[in-house]
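Here's the letter readout for the chains.
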Amino acid sequence: MQRIGFIVLPGFQMLSVTALSVFELANWEIGEPVYDLHLLSETGGSIRSSIGIGVETEPFDDTNFDTLMVGGSAVVGALTPGVIKFLRQGLERSRRIASTCTGAFVLAEAGLLDGRRATMHWHRARDLQARFPNVTVEEDRIFIIDSRCGPRLG
């Protein structure tokens with residue numbers, strides 16, 4: 001079974017976690033759990049979305065994930081040193097790290113996109129490029145797989 005971790009930041013947008021539905025659907029289609037989904041946050045417990053809906057999360061620990069994902073947040077201060085540390089540790093403990101929506105800003109802030117290619121909705125792509133000049137932003141792409149990710153990040 002492949003363990004999928006999704007980091008939920010305070011003020012997350014509900015749209016960002018809908019990406020997890022592909023794993024849910026795959027489990028349903030296969031008829032057995034192939035993907036083990038975990039919502040994560042620095043402290044665990046309920047994390048409120050930008051529209052006030054809360055989701056229950058597990059606290060960060062030393063669990064290894066096949067895929068570690070992160071969404072964005074419009075809340076100032078949502079990206080803490082603890083989240084950055086957990087993401088950086090994820091490079092060693094996960095096969096791949098990904099983001100949805102404005103989660104690219106989170107990965108860039110953590111330094112995980114330096115020297116890499118990334119994409120972003122056209123409305124925020126130029127902002128991402130301006131704030132993080134060491135990232136090559138391709139705004140005309142739906143997704144990017146950066147194969148220059150090292151031995152454990154794919």
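Residues numbered from 1 in each chain as written. Predicted model: local features only at pLDDT ≥ 70, side-chain atom pairs only at ≥ 80, totals over all residues. Heavy atoms only, no water.

Quick look at the overall build of the protein chain
Then, number 1: Assigned secondary structure in the protein chain consists of 5 helices and 8 strands.
Then, number 2: Taken from the N to the C terminus, the helices and strands of the protein chain come in the order β-α-α-β-β-β-β-α-β-α-β-α-β.
Then, number 3: Since a compact globule built from 154 residues should have a radius of gyration of about 15 Å, the 15 Å found for the protein chain is in line with a globular shape.
Then, number 4: Taken across its 154 residues, the protein chain has 41% of its residues classed as buried.
Then, number 5: Considering only intrachain contacts with a sequence separation of at least 6, the fraction spanning at least 24 residues in the protein chain is 61%.
Then, number 6: Accessible surface, the protein chain as shown: approximately 8,700 Å² in total, 55% of it carbon and sulfur. (Helix = DSSP H or I, 4+ residues; strand = E, 2+ residues; numbered from the N terminus. Rg over C-alpha atoms; globule rule 2.2 N^0.38 Å. Buried < 20%, exposed > 50% of the residue type's maximum accessible area, 1.4 Å probe, protein only. Contact = heavy atoms within 4.5 Å. Areas by Shrake-Rupley, 256 points an atom, 1.4 Å probe, with all protein chains shown as cover.)

Brief notes about the nonpolar core
Then, number 1: Counting 28 residues, the largest nonpolar core has Ile 7, Leu 68, Leu 87 and Leu 128 as its most contacted members.
Then, number 2: Within the residue set of this core, elements represented by two or more residues are β5 (65-70), α3 (81-93), α4 (103-109) and α5 (122-131).
Then, number 3: For this core, the element with the highest residue contribution is α4, accounting for 5 residues.
Then, number 4: Membership of the second largest hydrophobic core comes to 10 residues, among which are Val 17, Leu 20, Ile 47 and Met 69. (Core = buried A, V, L, I, M, F, W, Y, C linked by side-chain atoms within 4.5 Å.)

Re the pairing of strand β3 (residues 45-48)
Then, number 1: Pairing between β3 and strand β4 (residues 54-59): 4 bridges, direction antiparallel. Across the sheet, the residue bridging to Ile 47 is Val 55, located in β4.
Then, number 2: Following β3, the chain reverses through 5 residues before pairing antiparallel with β4; Gly 52 in that reversal takes a positive phi of roughly 95°. (Pairing = 2+ DSSP bridges.)

Things to note about the pattern of salt bridges
Then, number 1: Using the criterion set out here, one finds 6 salt bridges in the structure.
Then, number 2: A salt bridge links Arg 95 to Asp 66; the shortest N-O distance between them is 2.7 Å. One end of the pair, Arg 95, is in strand β6 (residues 94-99); the other, Asp 66, is in strand β5, with 29 residues separating them in the sequence.
Then, number 3: Judged by its relative accessible area of 38%, Arg 95 is partly exposed.
Then, number 4: Across the pair Glu 139 and Arg 126 runs a salt bridge whose closest N-O atoms are separated by 3.8 Å. In this pair, Glu 139 sits in the segment after β8 (136-137) while Arg 126 sits in helix α5, placing the two residues 13 residues apart along the sequence.
Then, number 5: The exposure class of Glu 139 is partly exposed, given its relative accessible area of 33%.
Then, number 6: Classification of Arg 126 as exposed rests on a relative accessible area of 64%. (Salt bridge = Lys/Arg side-chain N within 4 Å of Asp/Glu carboxyl O.)

Focus: the confidence of the model for the protein chain
Then, number 1: Mean pLDDT over the protein chain: 88, with 95% of residues reaching 70 or higher.
Then, number 2: This stretch, residues 149-154, has a pLDDT under 50; its non-local contacts, to residues over four places away or in other chains, come to 17 contacts. (pLDDT = per-residue confidence, 0-100.)

Overview of the sheet that holds β4
Then, number 1: Spatial strand order, β3-β4-β2-β1-β5-β6: 6 strands in an open sheet with mixed pairing. In the strand order of this sheet, the two ends are held by β3 and β6, each with one partner. Neighbour-to-neighbour, the strand axes of the sheet open up by a mean angle of 40°, direction not taken into account.
Then, number 2: Pairing of β5 with β6 involves 5 bridges; the strand directions are parallel. Paired with Val 70 across the strands is Ser 99, a residue of β6.
Then, number 3: The strands touched by helix α2 (residues 21-30) are β1 (2-7), β2 (35-41) and β5; relative to β2, the strand with the most contacts, the crossing angle is about 155°.
Then, number 4: Against the sheet, α3 engages β1, β2, β5 and β6, with an angle of about 135° to β6. (Axes fitted to C-alpha atoms, helices over the stretch in contact; angles between N-to-C directions.)

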